[in-house]
Amino acid sequence: MLRFTLERLIGMAITMLLVSLMVFIIMEIPPGDYADRYAFRKYSGTGVNVTEADIQAIRVELGLDKPMIFRYFDWIGGIVLRGDFGQAFAFETSVVKVIGDKVWLTTGILFATLILTYLISIPIGIYAAVRRGSAVDYGLTIFSYLGLALPNFLLALVMLYFANRWFGADIGGLFSAEYRDAPWSLAKVWDMLKHLWLPAVVLAWSAVAYQIQTVRATMSDELNKLSVTAARARGVPERRLLIKYPARLAINPVVSTIGFDVNRIFSELPIVAVVLGLTDLGELLLKAYLDLDMNVAGAILLLLTFAIVFMNFLSDLLLAWLDPRIKLGA
Amino acid sequence: MTDMSDPDLTPKQKRQLEKEHQQRLKYYSASQWTLIWWRFKRHRAAMLAAVLLGLMALAGIFAEFVAPYGPVTRDTKYIEGPPQIPKFCDDNGCSLRPFINGTKTERDPVTLRAISVPDPDTRYYISLFVKGESVKVLGFIPTDRHLIGLDDPDQKIHFWGTDDLGRDVFSRTIYATRTSLSIGVLGVLISFFLALAIGGAAGFFGGMTDNVIQRVTEVIRVVPIIPLYMGLAAAMPKEWSTTQVYFAMTLILGLFGWPTLARRIRSQLLSIRNEDYVVAARLAGARPRRIITQHMLPSFTSFIIVDLVISFPYMILSETALSFVGLGLRPPSVSWGVLLQQAQSVRAIEQTPWLFIPAVFVVVAVLAFTVIGDGLRDAADPYSEAK
Amino acid sequence: MSRMLTVENLSISFRTDEGVITPVQGVSFHVDQGRTLGLVGESGSGKSVSTKALMRLLPGTASLGADTRMHYTTKDGRVVEIETLANDGEPIRKLRGGEIGMIFQEPMASFSPVYTIGNQMMEAIQLHRPMGRREARSYAVEMLNKVGISNAEARVDQYPHELSGGMRQRAMIALTLSAGPALLIADEPTTALDVTIQAQVLDLMRDLQQELGMGMIFITHDLGVIAQIADDVAVMYLGTIVERGPAREVIRAPQHPYTQGLLAAIPSLDKLHDRLSPVPGDIPSPNARPTGCPFHTRCAQKIAGLCDARPPREIQTQPGRAVRCWLHDDEGRNAA
Ligand SMILES: Nc1ncnc2c1ncn2[C@@H]1O[C@H](COP(=O)(O)OP(=O)(O)OP(=O)(O)O)[C@@H](O)[C@H]1O
Ligand SMILES: [Mg+2]
């Protein structure tokens, strides 16, 4: 087990290294560099005539004149050694400050969504497999198709519309007005939880649709396994049998795709955030892209990906623990 | 088990047996593609989806002809107007030909804003092949005829209402269908060729090449895809023309769509590269490209096609999402996502719900591709008959 | 020696996409305490579904014929009419495991891969015996020892995939027997094993049966195995029993052409120079059952106009032996 964990950790490090390279390239793609944009932002409207020399000076000051490979090492070194993601230009402060507690908000949204996804999809998928071919099963299949076809921003809009009608106007966002800028307190957390369900439902939607199908398919396979018949032939009561034998195995593919779900959720996050007015990393990421504030965008992209890779790692461990056959193989 | 030369059979039974035999013969001698087609035809939902998608594609291809008006033509007399539903009857009696009532402008008694209200005393009849704006169908066939419209060239019908600039939602949706579907097609094609090259290299050479490619694939699979697309889309210079943006978008979408398919190609190649006929070809000195295209590809084309079909929805949804948040195509281009940009708020749901009609197209297109993909997969899988 | 199981007129139908098929028709047999009934027949003859019907383990698409009778006498002397029970529920569950145990063909697939051998054994033991966890565990170890698994104390905590094929089947036998069944159904328990291990497992099963005094139904396609293990034999063909009788006599002097064909297919020392002659032809599919005698399509001795028209009756040829074939029927002999 130790060896298995170590191997996965090393794999994770290599992946993250490559990811950071890719993120860095994306940060470098927009035409012009920070010096241009910085100068433009700083002096525009002030009447100062910015010369190429001024920009060059800024460039040197920020270390932007060095070759790309050095800049990459500066950047990644800062992150790994000092937790320093560089400057956020649009906000004239450090990236870390801008991101701040949005990391925790996003983590909250993520876990609320994941928990909701599995609480719904696992029992329903199992039920659909046991009642295969019933009206409920067909209904769920249609729901799954729709769930995958509906663009998430549309779903967010529709949900927001109905939430507004049923629960009043203050349902969007993550906090009620009085808590928005208040310091953290228990009351604020409670307020957030009351708002969290809407983004969680919207973000969970397609993951639920997808996982119901996965659970249903594996559960159907498992139900036909000889080991289930054999247990039944030993007189194991039906409900206990379903849970102990097929259902226990039907959650394995769910566990193995946790990282995939996180990926899907983060992928939808920026757009859902816009519609629902969330003040999380998704919204910030989109804003950073629109402002071409690539340090912020790169940092967020890196953080989100790191979360996905880390969840992949956790899911590997969890799976190895759930399935005794894996430990030997690895 | 029944023997046809059995003397006890009546001539009728014999004919019946003969017929069955012929059918079976046809079945066994049919090519793989014919078999897939037969099985696919039995899949009713998939057939329906294919027809729907075909209609959409046709409407998109001949958008200039199908749409009554241009995508940016404004009707200043009918701004944010609701859909006009053709009718056969009104207060003044019935007619065999569908028509709509005209509108007149009045002041809202409360807000004193100018609003359009239906005028029951005027009627405009709907016709096929009416005269209208001059357009070039397919970009080179000039015509001023349009599939459907009003007899009176000075009046306009807006089947699905108009937006805040008085542009016809129906026409815009038709044009958007062309853009969105074609972006999907180009994106899928690009990622297909990338997948073929990358997966092919990994599967064919194996070893170190394979290892490196696997690592890169892994990286692309872990980065959340929409934020990644956004990063590239954000980098498009603001001054680019709509055409440049269009092709850049297809490139961006295609650039990261390949990992799933590449993986499939790789594993299929790895599993068959040791099969006798491939080994034989290699020993006979055939070149790698030839071995891949001539010997290895045909054996799993059907799987590739299925994968291609089911990767469409991702392209379409991604394009829609990017354009929706303003990082994809930009006005004056029209795509489903661009159109939906106008429907970003809860206010739009309440006041101009018809602006959401393009969303129906998105859902239908995505559903159709998914259902067709499932149908094709069932049809291509020889074991699906056992079910 | 008392009768524990009587099956009469067992018919089983399945609803399928191609319509209703009836792969088992009018099967009757019985099992006495301490004796072994061998059930032989080619693949698809309906051996497995017949025994699954006894445990009500058939899927929801299956239904039993109206005049099917399956009467089982429990250890405490009650008679249970199995055909009247629901597929799940308390009454049938009381029979499963504790009264009737079942061993399947594939020892690997019969275990759940994610629980230890001990976990699955203790579950069965605690369901059927008034034992606590500790007791159940030591009983599991005892049973593993009994089926000849060395180092049972350690094996009990291992997962199925950590055991070899033969070991797994032994463990399966231990698992099934640990619930204390009075009747054991073994559905081709040795088919998946190597020949040498096959023989060991057969020996083990015979010894255990004698030691525990169980009745047993032993399913196989191999008449050679029947000769080793069974007291009585019933030969099935396409869902009906075509010949039955004491195993030794049936093997020595088979009366049905099908049984004769099966026997001819066994290579044996004194016939080594002969060519192996399996029964010619293919088994018809259950949705295209031949009319008349089901075997007539492959029978070398068929009587035209009779065998392909009317199904033969079961004829008692000797005390305790019966055959379902026109050749042994007076009416058939007259016709020939
Ligand atoms: N669930 C089912 N649905 C439809 N038909 C079935 C089902 N289960 C079994 N059958 C049919 O019943 C027939 C008998 O099957 P069974 O498994 O009893 O054969 P068998 O004698 O045990 O063969 P084998 O030696 O291969 O185990 C088969 O021809 C099969 O077509
Ligand atoms: Mg069987």
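What counts as what
- Residues numbered from 1 in each chain as written.
- Chains lettered and ligands numbered in written order.
- Predicted model: local features only at pLDDT ≥ 70, side-chain atom pairs only at ≥ 80, totals over all residues.
- Heavy atoms only, no water.
- Phe/Tyr/Trp six-rings, centres within 6.5 Å; stacked < 30°, edge-to-face > 60°.
- Helix = DSSP H or I, 4+ residues; strand = E, 2+ residues; numbered from the N terminus.
- Buried < 20%, exposed > 50% of the residue type's maximum accessible area, 1.4 Å probe, protein only.
- Lys NZ or Arg CZ within 6 Å of the ring centre and 35° of its normal.
- Salt bridge = Lys/Arg side-chain N within 4 Å of Asp/Glu carboxyl O.
- Core = buried A, V, L, I, M, F, W, Y, C linked by side-chain atoms within 4.5 Å.
- Contact = heavy atoms within 4.5 Å.
- Buried area = accessible area lost by both parts, 1.4 Å probe.
- Polar contact = N/O pair within 3.5 Å; in protein donor to acceptor, adjacent residues only side chain to side chain.
- Nonpolar A, V, L, I, M, F, W, Y, C, P; charged D, E, K, R; others polar.
- Near = heavy atom within 4 Å.
- Areas by Shrake-Rupley, 256 points an atom, 1.4 Å probe, with all protein chains shown as cover.
- Domains from an automatic or database assignment.
- Pairing = 2+ DSSP bridges.
- Axes fitted to C-alpha atoms, helices over the stretch in contact; angles between N-to-C directions.
- Right-handed = clockwise from strand over helix to strand, strands pointing away.

K.L.:
For the packing of aromatic side chains, give the residues involved together with the corresponding values.
P.N.:
Evaluation of the coordinates by the stated rule reveals 24 aromatic pairs over all chains. Between Phe159 of chain B and Phe170 of chain B, the aromatic rings sit 5.5 Å apart at their centres with planes inclined by 70°, giving edge-to-face as the arrangement. Taken together, the residues span a long stretch of sequence, with Phe159 of chain B in the loop between strand 4 (141-150) and helix 5 (169-205) and Phe170 of chain B in helix 5 at a distance of 11 residues. On the accessibility criterion, Phe159 of chain B (15% relative accessible area) is buried. An aromatic cluster is built from Phe159, Trp160, Phe170, Trp336 and Phe361 of chain B, whose rings are joined through pairwise contacts. Seen from the ring of Tyr115 of chain C, Lys244 of chain A lies directly overhead, with NZ or CZ sitting 4.8 Å from the centre.

K.L.:
Help me get a handle on the pattern of salt bridges, residues and values and all.
P.N.:
Residue and element names in this part refer to chain A. Enumeration over the complete set of coordinates arrives at 26 salt bridges over all chains. Between Arg71 and Glu28 there is a salt bridge, with the nearest N and O atoms lying 2.7 Å from each other. Separated by 43 residues along the polypeptide, Arg71 in helix 4 (residues 68-82) and Glu28 in helix 1 (residues 2-28) bring together distant segments of the chain. Accessibility expressed as a relative area gives 17% for Arg71, which makes it buried.

K.L.:
Go over the nonpolar core with me, naming the residues and quoting the values.
P.N.:
Within the largest apolar cluster, 179 residues are counted, with the highest numbers of intra-cluster contacts made by Trp75 and Tyr289 of chain A together with Met230 and Trp336 of chain B. Here Tyr289 of chain A is in contact with Met294, Ala297 and Leu301 of chain A together with Pro227, Met230, Gly231, Ala234 and Leu327 of chain B, once residues within four sequence places are set aside. Judged by nonpolar contacts, the second largest core, of 98 residues, contains Val24, Ile217, Val250 and Ile303 of chain C.

K.L.:
Which residues make up the environment of Lys87 of chain B, and what values do they have?
P.N.:
All names here are of chain B. With respect to the helices and strands, the residue Lys87 is situated in strand 1 (residues 87-90). For Lys87, a relative accessible area of 32% puts it in the partly exposed group. The spatial distance from the C-alpha of Lys87 to the C-alpha of Ile100 is 6.2 Å, given a sequence separation of 13 residues. Leaving out residues up to four positions away in the same chain, Lys87 has contacts with Arg97, Pro98, Phe99 and Asn101.

K.L.:
I'd like to hear about the interface of chain B and chain A, residue by residue, with values.
P.N.:
By a widely used convention, the size of an interface equals the accessible area lost when the partners come together. Taken together, the contact between chain B and chain A spans 42 residues of the former and 42 residues of the latter. Around 3,500 Å² of area is buried between chain B and chain A when both sides are counted, 81% of it from carbon and sulfur atoms. Applying the counting criterion to the chain B and chain A interface returns zero salt bridges. At the boundary of chain B and chain A, one finds six residue pairs in polar contact (both at pLDDT 80 or more). For the side of chain B that touches chain A, the secondary-structure elements that each account for two or more residues are helix 6 (207-222), helix 7 (225-234), helix 12 (301-324), helix 14 (346-351) and helix 15 (357-380) of chain B. For the side of chain B that touches chain A, the per-class residue count stands at 31 nonpolar, six polar and five charged.

K.L.:
Before we move on, could you go through the site of ligand 1 and cite the residues and values that matter?
P.N.:
Residue and element names in this part refer to chain C. In the vicinity of ligand 1, 16 residues are found, and the nearest of them are Ser43, Gly44, Lys47, Ser48 and Val49. At 3.0 Å, a backbone N or O of Gly46 approaches an oxygen atom of ligand 1. Here an oxygen atom of ligand 1 and a side-chain polar atom of Ser48 are 2.6 Å apart. Taking 630 Å² as the accessible area of ligand 1 by itself, protein coverage stands at 70%. Every element with two or more residues in the shell around ligand 1 is listed here: strand 1 (3-16), strand 2 (19-32) and helix 1 (47-54). Element by element, the count of residues in the shell around ligand 1 is highest for helix 1, at three residues. For the shell around ligand 1, the per-class residue count stands at six nonpolar, seven polar and three charged.

K.L.:
Report on the domain arrangement of chain B, specifying residues and quantitative values.
P.N.:
All names here are of chain B. Under the domain assignment used here, chain B contains domain 1 (77-165) and domain 2 (172-379). Inter-centroid distance (C-alpha atoms) of domain 1 to domain 2 is 39 Å. Contact residues are listed per partner, giving nine residues for domain 1 and nine residues for domain 2. Summing both partners gives a buried area of about 710 Å² for domain 1 against domain 2, and 64% of it is carried by carbon and sulfur. Among the residues domain 1 hides against domain 2, the three largest losses belong to Glu80, Trp160 and Asp163. Together they make up 69% of the total. Counting every contact that joins domain 1 to domain 2 gives one salt bridge.

K.L.:
Could you give an account of the interface of chain A and chain C, with specific residues and numbers?
P.N.:
At the junction of the two partners, chain A supplies 21 residues and chain C supplies 28 residues. Taken together, the two surfaces of chain A and chain C that pack against each other cover about 2,200 Å², and 66% of this comes from carbon and sulfur. Remark: the boundary between chain A and chain C carries two salt bridges. When the shortest N-O distance is used, the salt bridge between Glu123 of chain C and Lys244 of chain A registers 3.5 Å. Here chain A and chain C share six residue pairs in polar contact (both at pLDDT 80 or more) between them. Only helix 10 (226-233), helix 11 (238-250) and helix 16 (324-329) of chain A provide two or more residues apiece to the side of chain A that touches chain C. Tallied by class, residues from the side of chain A that touches chain C come to 10 nonpolar, three polar and eight charged.

K.L.:
Please provide a residue-by-residue account of the sheet that holds strand 11 (residues 240-246) of chain C, values included.
P.N.:
Residue and element names in this part refer to chain C. Ordered by their spatial adjacency, eight strands build an open sheet running 7-8-9-3-10-11-13-12, and the pairing between neighbours is mixed. A single partner strand is all that each edge strand has here, and the edge strands are strand 7 (100-103) and strand 12 (315-318). The average angle at which neighbouring strand axes cross in this sheet is 20°, direction not considered. Sheet analysis places strand 11 next to strand 13 (residues 321-323), joined by two bridges and oriented antiparallel. Across the sheet, Glu243 pairs through a bridge with Val323, a residue of strand 13. Sitting on the sheet, helix 1 touches strand 3 (36-40), strand 7, strand 8 (183-187), strand 9 (215-220) and strand 10 (232-237), and the angle it makes with strand 9 is about 150°. Lying on the sheet, helix 11 (residues 257-264) is in contact with strand 10 and strand 11; it crosses strand 10 at an angle near 105°.

K.L.:
Break down the pairing of strand 9 of chain C for me, with residues and values.
P.N.:
Residue and element names in this part refer to chain C. Of all six residues that make up strand 9, six are buried, and the element is covered over most of its length. A two-sided burial pattern is seen for strand 9, the buried positions comprising Gly215, Ile217 and Ile219 on one face and Met216, Phe218 and Thr220 on the other. For strand 3 and strand 9, the ladder comprises five bridges, and the chain directions are parallel. Directly across from Gly38, in strand 9, lies its bridge partner Phe218. One ladder, built from five bridges, connects strand 8 with strand 9; its direction is parallel. Residue Leu184 lies in a different strand from strand 9, and its bridge partner there is Met216. In terms of handedness, the path from strand 8 via helix 8 (residues 195-212) over to strand 9 forms a crossover that is right-handed.

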